[in-house]
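Okay, here's what each chain looks like letter by letter:
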Amino acid sequence: MTEPRSIFPVEDADVDERLYFKMVESALRNKEKKVISNGKPAHAVFLVHQFLDHAEKSVKICTGALSRSFDGVLAYAEPEVAKAAAKFLRRDGSKLSILVVGDLDMDEGQSAADHPLLAAIAQEEIAGELRVAKIDPGDWAGFKYHFIVMDRFASRVEFDTDKAQAFVNFGDEKFGRHLAGLFDTFERNSTPLLSIPAPA
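Here's what I pulled together on the structure shown here. What you see is a predicted model; the values in this text were computed from it and never measured.

So, on to the overall build of the protein chain. Summing up its helical and strand segments, the protein chain has six helices and 10 strands in all. Taking 200 residues into account, the globule formula puts the C-alpha radius of gyration at 16 Å, and the protein chain, at 16 Å, falls close to it. Dimensions along the principal axes, computed over C-alpha positions, put the protein chain at roughly 45 × 45 × 35 Å. In the protein chain, which comprises 200 residues, the proportion classed as buried is 47%. For the protein chain, the computed accessible surface area is about 10,200 Å², with 49% contributed by carbon and sulfur atoms.

This paragraph deals with the packing of aromatic side chains. By the definition in use, this model includes six aromatic pairs. Ring centres 4.1 Å apart and planes at 25 degrees place the aromatic pair phenylalanine 21 and phenylalanine 46 in the stacked group. Placement of the pair is phenylalanine 21 in helix α1 (residues 15–29) and phenylalanine 46 in helix α2 (residues 41–54), with a sequence separation of 25 residues. Both residues of the pair, phenylalanine 21 and phenylalanine 46, count as buried. On the numbers, 6.1 Å between centres and 90 degrees between planes, the contact of phenylalanine 147 with phenylalanine 183 is edge-to-face. Taken together, the residues phenylalanine 147 in strand β7 (residues 146–150) and phenylalanine 183 in helix α6 (residues 173–188) connect sequence positions 36 residues apart. Looking at phenylalanine 147, the relative accessible area reads 1%, which means it is buried.

Another aspect to go through is the pairing of strand β2 (residues 58–63). Buried residues dominate β2, accounting for six of its six residues. Alternating positions in β2 separate into two faces, Ser58, Lys60 and Cys62 on one and Val59, Ile61 and Thr63 on the other, with burial throughout.

Turning our eyes to something else, we now look at unusual backbone geometry. Following phenylalanine 8, the chain continues into proline 9 via a peptide bond in cis, with omega recorded as 0 degrees. On the secondary structure map, proline 9 appears in the segment before α1. Residue proline 197 follows isoleucine 196 across a cis peptide bond; omega there is -5 degrees. Mapped onto the fold, proline 197 is located in the segment after β10 (191–196). Despite not being glycine, arginine 152 has its phi angle at roughly 60 degrees, a positive value. Along the polypeptide, arginine 152 turns up in the loop between β7 and β8 (154–160).

All chains considered together, the criterion is met by 11 salt bridges. Across the pair glutamate 17 and arginine 5 runs a salt bridge whose closest N-O atoms are separated by 2.7 Å. Highlighted residues: glutamate 17 in helix α1 and arginine 5 in the segment before α1, separated in sequence by 12 residues. Among the salt bridges present, the one from aspartate 53 reaches lysine 87, with a minimum N-O distance of 2.8 Å.

Next up on the list: the packing of α1 against α2. Axis separation between α1 and α2 bottoms out at 10 Å; the angle between their running directions is 25 degrees. With respect to their mutual orientation, α1 and α2 come out roughly parallel. Where α1 crosses over α2, the handedness of that crossing is right-handed. Judged by residue contacts, Glu17, Tyr20, Phe21, Val24, Glu25, Leu28 and Arg29 of α1 engage Ala42, His43, Phe46, Leu47, Gln50, Phe51 and His54 from α2.

Glancing now at the nonpolar core. In terms of nonpolar packing, the biggest core is built from 48 residues, with Leu96, Ile98, Leu117, Leu118 and Phe170 touching the most fellow members. In contact with leucine 118, other than residues within four places in its own chain, are Leu66, Ile98, Leu104, Ala112, Ala113, Leu130, Val132, Leu194 and Ile196. Counting residues in hydrophobic clusters, the runner-up holds 12 residues, among them Ile135, Phe147, Val149 and Val157.

What counts and what doesn't
Residues numbered from 1 in each chain as written. Predicted model: local features only at pLDDT ≥ 70, side-chain atom pairs only at ≥ 80, totals over all residues. Heavy atoms only, no water. Helix = DSSP H or I, 4+ residues; strand = E, 2+ residues; numbered from the N terminus. Rg over C-alpha atoms; globule rule 2.2 N^0.38 Å. Buried < 20%, exposed > 50% of the residue type's maximum accessible area, 1.4 Å probe, protein only. Areas by Shrake-Rupley, 256 points an atom, 1.4 Å probe, with all protein chains shown as cover. Phe/Tyr/Trp six-rings, centres within 6.5 Å; stacked < 30°, edge-to-face > 60°. Salt bridge = Lys/Arg side-chain N within 4 Å of Asp/Glu carboxyl O. Axes fitted to C-alpha atoms, helices over the stretch in contact; angles between N-to-C directions. Parallel < 35°, antiparallel > 145°, perpendicular 65-115°, else oblique. Left-handed = near helix turned anticlockwise from the far one by under 90°. Contact = heavy atoms within 4.5 Å. Core = buried A, V, L, I, M, F, W, Y, C linked by side-chain atoms within 4.5 Å.

Right, here's the structure in full:
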């Protein structure tokens, strides 16, 4: 079986991928207001990385299993994603919240702390807060979409969770606020899996 590939360094990506990556970087850096598609695994991983890299206060991720890889591409086991998450969480007041629908993508017998992304963050000195929880099945039944919200400024909604087909919305704070509110409701009803720092 072929090992999943890393999309980093992005300079080594093919022409189409590099063009897409530049479009995403420009939209975030210049705070553009636009909607784009996000339907390839490499595009999805790059977007997660960029959300973490550009976030100031909050990143909220609602996903299936925090998959280590997807369709041949390193996803939440990508070291560059972990570096971006750790960099974000070194900000005072930062918060990375993750909700999973199913079980975390780990080897048998491992705990949440063993997941590559979460283990990498745990090794860092962070000033912010990481929370990982399992979504309540009743909440998931009412809204079967994976999504990410960054600072209420940018969001990604996956309308086909099997193929990672999604759209990305930049600059629509009203939409971001509604999606963040939905996430917060789900989080209140969720079952905690891991918190860093640990609850007092």
